[in-house]
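Single-letter residue listing:
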Amino acid sequence: HIQDPASQRLTWNKPPKSVLVIKKIRDASLLQPFKELCVYLTEENNMIVYVEKKVLEDPAIANDENFGPVKKKFCTFREDYDDISNQIDFIICLGGDGTLLYASSLFQGSVPPVMAFHLGSLGFLTPFNFENFQSQVTQVIEGNAALVLRSRLKVKVVKEHREKSTVQNGIEENGVVSANLEKEVGKQIMQYQVLNEVVVDRGPSSYLSNVDVFLDGHLITTVQGDGVIVSTPTGSTAYAAAAGASMIHPNVPAIMITPICPHSLSFRPIVVPAGVELKIMLSPDARNTAWVSFDGRKRQEICHGDSISITTSCYPLPSICFRDPVSDWFESLAQCLHWNVRKKQNNFAVEEEE
């Protein structure tokens, strides 16, 4: 039996009490919608509202006396300092697709359902319009909405930790002759949950990047070009689409491997099953290092001996649909990317019988 993607529904075991509101910062046009939403959540629904501290530091919000009583009810937090992962029932995003990616980065384990309003530039992942937000938010609170479970990537970066020592004329401070300017003293391990893509590129170097890609321990190819994109189906309509990959519905369990400007006429993007383990390392004879970023953030250099392991995460992002997963996705393709928009061909005129 194949599950109908539209059959996934949002249901609450108990009524939600807390909501995280994520607002795109440095955007004056979102101040009024933000205030209206927060007043509605606190006064009409008696909900606990969590807001990031830097959002309230906006002078337009900080100096608004009428908004003062509402601000006093907020619970605030700071990214990378405060853990709110077990305190949020659902999330509301005001902005563009970047707000949804940011919401994903805040939750490295399970993610609460996300309701995203289109108040940014692209809006591929934000299906709700703000005009009728009261009825739409009430519908979500009552638990009557379709869901799409957007798979994420679990990424582990292992770096060889190198400690540089002071060397003069090949001799260290303690008088020992040094054959290498760096000493390996251990490994540094970092983990990330990624909604769109992991991008490995050549960084500022003018040389081709040269990285080896392993699948379940087997070397499948060496990428020679500007880099490689490993993406989720959600990320297939982002950087991967710009690099020539197919667009895949978020309900399809898959991982995409897309080269960036490969120096090969036959290097086509491929799709592999969700759950496989990919590993990316610099080729032993690579001329330069590589750089990696995760949903456009946490950019860092990858050197010889470092590795990037990627597989499907067991913590997807539940995205609340406006209608259903299929209708929303094709609506986004048409509205945001103008997919297959073309003036229709005229039909043949039927000749009248004499």
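These figures come from a predicted structure and were not determined experimentally.

Caption draft 1: Seen up close, the layout of surface pockets. Its volume calculated, the largest pocket comes out at about 380 Å³. At four residues, strand 11 (residues 182-194) tops the list of elements feeding residues into the lining of the largest pocket. Residues of the lining of the largest pocket, tallied by class, amount to eight nonpolar, five polar and eight charged. Here the lining of the largest pocket spans two domains, and each of domain 1 (9-151 + 316-337) and domain 2 (153-161 + 179-312) adds at least three residues to it. Roughly 290 Å³ of volume is contained in the second largest pocket. Along its surface, the second largest pocket is lined by 16 residues, and K23, K24, I25, T99 and Y102 are the ones closest to its centre. Contributing elements (two or more residues each) for the lining of the second largest pocket: strand 2 (18-23), helix 2 (53-56) and helix 5 (97-106).

Caption draft 2: Seen up close, a nonpolar patch on the surface. There is a patch of nonpolar side chains on the surface, built from L122, V326, F330, L337 and W339 and spanning about 410 Å² of accessible area. When you line up the elements, L122 lands in the loop between strand 6 (114-118) and helix 6 (133-141). Given a relative accessible area of 37%, L122 falls into the partly exposed group.

Caption draft 3: Quick look at empty space enclosed by the protein. Scanning the model with the defined rule gives one cavity of 30 Å³ or more in all. Of the volumes computed, that of the largest cavity is approximately 120 Å³. Lining the largest cavity are 15 residues; nearest its centre among them are F124, V148, R150, D328 and W329. Contributions of two or more residues to the lining of the largest cavity are made by strand 7 (145-150), strand 22 (317-320) and helix 8 (325-337). Counting residues per element, the lining of the largest cavity draws most heavily on helix 8, at four residues. Grouping the constituent residues of the lining of the largest cavity by class yields nine nonpolar, three polar and three charged.

Caption draft 4: Representation of the pattern of salt bridges in the model. Tallying each qualifying case throughout the model produces six salt bridges. The partner of K35 in a salt bridge is D64, with the nearest N and O atoms 2.5 Å apart. Of this pair, K35 sits in helix 1 (residues 31-44) while D64 sits in the loop between helix 3 (59-62) and helix 4 (68-71); the two residues are 29 residues apart in sequence, bridging distant segments of the chain. One exposure class covers both K35 and D64, and it is buried. Between E52 and K54 there is a salt bridge whose closest N-O contact spans 3.8 Å. For E52, a relative accessible area of 8% puts it in the buried group. By relative accessible area, which is 38% here, K54 ends up partly exposed.

Caption draft 5: Summary view of the nonpolar core. Counting 32 residues, the largest nonpolar core has F34, L37, L41, F74, I92, F117 and V137 as its most contacted members. Taken together, the elements giving at least two residues each to this core come down to strand 2, helix 1, strand 3 (48-52), helix 2, strand 5 (90-95), strand 6, helix 6 and strand 7. In terms of residue count, the dominant contributor to this core is helix 1 (six residues). Beyond its immediate stretch of four places on either side in the chain, L41 contacts V19, V21, N46, M47, V49, I92 and V137.

Rules and cut-offs
- Residues numbered from 1 in each chain as written.
- Predicted model: local features only at pLDDT ≥ 70, side-chain atom pairs only at ≥ 80, totals over all residues.
- Heavy atoms only, no water.
- 1 Å grid on protein atoms, 1.4 Å probe; cavity = no way out; pocket = protein on both sides within 12 Å on 5 of 7 lines; lining within 4 Å.
- Points joined across faces, edges and corners; volume = space filled by probe spheres on them.
- Helix = DSSP H or I, 4+ residues; strand = E, 2+ residues; numbered from the N terminus.
- Nonpolar A, V, L, I, M, F, W, Y, C, P; charged D, E, K, R; others polar.
- Domains from an automatic or database assignment.
- Patch = residues over 30% accessible without salt bridge, like charges linked within 9 Å, V, L, I, M, F, W, Y side chains within 5 Å.
- Areas by Shrake-Rupley, 256 points an atom, 1.4 Å probe, with all protein chains shown as cover.
- Salt bridge = Lys/Arg side-chain N within 4 Å of Asp/Glu carboxyl O.
- Buried < 20%, exposed > 50% of the residue type's maximum accessible area, 1.4 Å probe, protein only.
- Core = buried A, V, L, I, M, F, W, Y, C linked by side-chain atoms within 4.5 Å.
- Contact = heavy atoms within 4.5 Å.

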